[in-house]
Each structure stands twice: as C-alpha cells, then as structure tokens.
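Coordinate inspection notes
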Amino acid sequence: MDLLPDLWRHEYWLPPGITWRDMEQMQECPRPRDLLFALPLALGFIVLRLVFDRVVAPPLGRCVGLRNRLRMAVAPATKLESFYTQQNRQPSQSDIISLMAQCDKSQRQIETWFRHRRNHDRPSYTKRFCEKSWFWDQRECWTGYPQQPIERAHFWYYQLELGFYLSLLLCVSVDVKRKDFKEQVIHHIATIFLLGFSYCSNYVRIGTLVMLLHDSSDFLLESAKMFNYGTGWRKTCDTLFVIFAAVFLVTRLVVFPSKIIHTTLVLSMEVFEPFAGYYFFNLLLMVLQALHVFWAMLILRMANKFLFLGKLDKDERSDEESELEEEDDDKGEGEEKDEEGECCWERSKDALNSKLKMLNKSFVLNNLNNHRAAIVSKMRKAR
C-alpha cells in the first residue's frame, strides 16, 4: 500500500465510513499483501501441470479411468461401538485399558478401530461448506460486513484458486489456440481481478460462492474430455457431457444471475451504500455472465448435434489448426484413393492388352491353320 497510495485509498475498496485502520483492528482480517502468496502457488501449478502431462497423463490415458480412494472398513465391535456413540469418540488411556479387558483386544487394535471409525464419520469438504449459513441465506454474506473474520479454509481456497488461474494465464501462450481463445483470456483476467478485489475488500463470503458455483461444472467438462480421447468410452463421454451441460446451464444461466448477481447488486445495498468497488465488482460479474451466455450457445449447439446425430463429433471450440489438419487428412486420403484407382486402372489396362495380344495371336494362328488345311485339301484333290 505504501508503494501506490492513490490506488489503495479506502474510498475505492471499502464502503463509506470504513478505513483500512478499521479493518486492521479486526482479528483474522484479509490483507492485500496475502495475495502475494498466490505467485509461488501459480509457479507450483505450472510445475505440477508439466509433471502431470509427462508422467501421470500417459498411463492415465491408457487406463482412462479414475479410482476413488476407499475408506477402510470398520470391523464390527458391539462394545467399542457403544462406547464410541454414547461416551467418547476419543478414549483416554484409562478408557483404552478398560476396553482391552472387556473386548479382549490389544491397545493397538483398539486405537486403530477408533481411528477408522472417526475417519468413517468424517464429513466431506462439500458437506462442511454447506454448513456455512451464507450458502443457504445469501443475506448472511453481508451480516457484519466488512468486518468479517476470514477462516483458514477460505484463505487457502482463495490462494489455490488465484494461483491456479495465474498459472493458466501464464501458460496461455503455449496452450492450443481454440476458437474461444480470446474469451478464455478475458475470463482468466476477469477471474483474477475478481479474486484479488474480493479478497482485499473482504467480499470473501460471496467470493467463495462464486468459486464453488464455477467449480461445480468444470470438473465434469474435463472428465468428459478425458474419456472422449480414449477408445471404447463413448457412452461414458456422452453421459458426462449431458450431465455437464445440465449443470452448466442451470448454474451459469439461472443460479448465477438470480442468486449471486442479485445478492451483490441488491441485497448488499441493505447494509452499505454504493462505492467504487461495488461498481467494479459487479462489472466483472457481468463480464463473466456474458461469457457464460457465449459458452452456453456453444453447448446448446453441441447438444443439438447430440440429439439429432446421436453422438458428439467434436468440440465446438476445436482449434482451427486441428480442423485444417483434418481437412488435409481428408484430402490426403482422397488423393491416395485416386492414386490407388489410377494404379488399378493401369493394371487392368495392362491385363486387357495382354489378353488382346493373346487373342490376336490365337486368331492369326487359327487363320494360318485353316489356310494350310485348305491348301492340303486342294493338293490331295489335284492328285
């Protein structure tokens, strides 16, 4: 902030009446300098991507499948289950000794059983996130704003997302240029500004909802692509595409404008008056919504082909170079067929010529034989 004081004026980033000093007095306050941590994460994502492409992707492509890690099955034990559900999930040393005598098990067996039992009841990350009040009631996004403490999980969620999109933007020059290349660049830039601004202005609650909404469909698209490049997985690819299209259209064209944009445009005004950051944040959300409409049109075109043709021929975003290569391949195949046809005609022509020559020879021989027979018969008559 000391380097660019005009840029970091609190009038741009915070609601009226709130200053950066007020934010610093709050515990667990998001600070703009925290975003610098995303830079090494972006480099880490790039390295991770290179390792994945060269080491992990080849065998994964051969397998064309994902195997979820299964949890260890918990062996049935009535007394241990009763103690776990009624008394304590983490028994003390004295409790373990008592259970050893009751169950005729060793200390290690009892500790292992309780560890597996706790792991079995551990909620997933999605379930933990759904416990957040603002997930269901968007008005809670602005309760106490902007002096809202940030949880550690949300801090890392922001850092990982920001690092990931920075890595995508840094690698955009070496990626395959598709038809929506410009839209992808605009999307990455808008997302990076959204993440950075929402963190600095403590729009963290609404920011986590935006990220979760986008992440809910992206992994389905990548999974469908993976199976599309494999052989024998056409039905799986088509099924994943149908699920992805449904999730994308609902979340991006219905939930995003009716919940997210409505929350930031309308519900936020119940708590504070508009300021510069309010307009900037909502402008970026509008840019994302325009991109959502653009990609939704491409998805609907693919869905139309799927319904009438029964299969997906190719991605509507396929790069132009790939299409040219396919056309060149088609032309090459046509030229090869023409050459093969010419070769076949030459062979047939040679065969016909040889047969004609044989017929001519046999015809000449027959004439000579007939002429000879006629001369012989005349000589016999003359005698």
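In what follows, the accompanying structure is described. Here the structure is a predicted model, which means the values were calculated and not measured.

Rules used throughout
- Residues numbered from 1 in each chain as written.
- Predicted model: local features only at pLDDT ≥ 70, side-chain atom pairs only at ≥ 80, totals over all residues.
- Heavy atoms only, no water.
- 1 Å grid on protein atoms, 1.4 Å probe; cavity = no way out; pocket = protein on both sides within 12 Å on 5 of 7 lines; lining within 4 Å.
- Points joined across faces, edges and corners; volume = space filled by probe spheres on them.
- Helix = DSSP H or I, 4+ residues; strand = E, 2+ residues; numbered from the N terminus.
- Nonpolar A, V, L, I, M, F, W, Y, C, P; charged D, E, K, R; others polar.
- Axes fitted to C-alpha atoms, helices over the stretch in contact; angles between N-to-C directions.
- Parallel < 35°, antiparallel > 145°, perpendicular 65-115°, else oblique.
- Left-handed = near helix turned anticlockwise from the far one by under 90°.

**Quick word on empty space enclosed by the protein**
The gaps of empty space that remain are located by a probe, the size of a water molecule, rolled over the atoms. Scanning the entire structure with this criterion turns up two cavities of 30 Å³ or more. Looking at the largest cavity, its volume works out to about 170 Å³. In this structure, the largest cavity is lined by 16 residues; those nearest its centre are Thr191, Leu194, Leu195, Val210 and Met211. Those elements that place two or more of their residues in the lining of the largest cavity are helix H9 (152-170), helix H10 (181-200), helix H11 (204-229) and helix H13 (276-309). Among the residues making up the lining of the largest cavity, the classes are represented as nine nonpolar, five polar and two charged.

**Examining the packing of H11 against helix H12 (residues 234-265)**
Axes are the key here: two packed helices are described by the angle between their axes and the distance separating the axes. Relative to each other, H11 and H12 sit at 165 degrees, their axes nearing to 8 Å. Here H11 is positioned roughly antiparallel relative to H12, judged by the angle of their axes. For the pair H11 and H12, the crossing hand works out as left-handed. Tallied by class, the residues present in the contact of H11 with H12 amount to 18 nonpolar, nine polar and three charged.

**A closer look at the layout of surface pockets**
Estimated volume of the second largest pocket: approximately 730 Å³. Along the walls of the second largest pocket sit 28 residues, with Trp8, Trp13, Pro32, Leu35 and Cys200 positioned nearest its centre. Breaking the lining of the second largest pocket down by element, the ones donating at least two residues are helix H1 (10-13), helix H2 (20-24), helix H3 (38-63), H9, H10 and H13. Here the lining of the second largest pocket takes five residues from H10, the largest share from any one element. Its residues assigned to classes, the lining of the second largest pocket shows 23 nonpolar, two polar and three charged.

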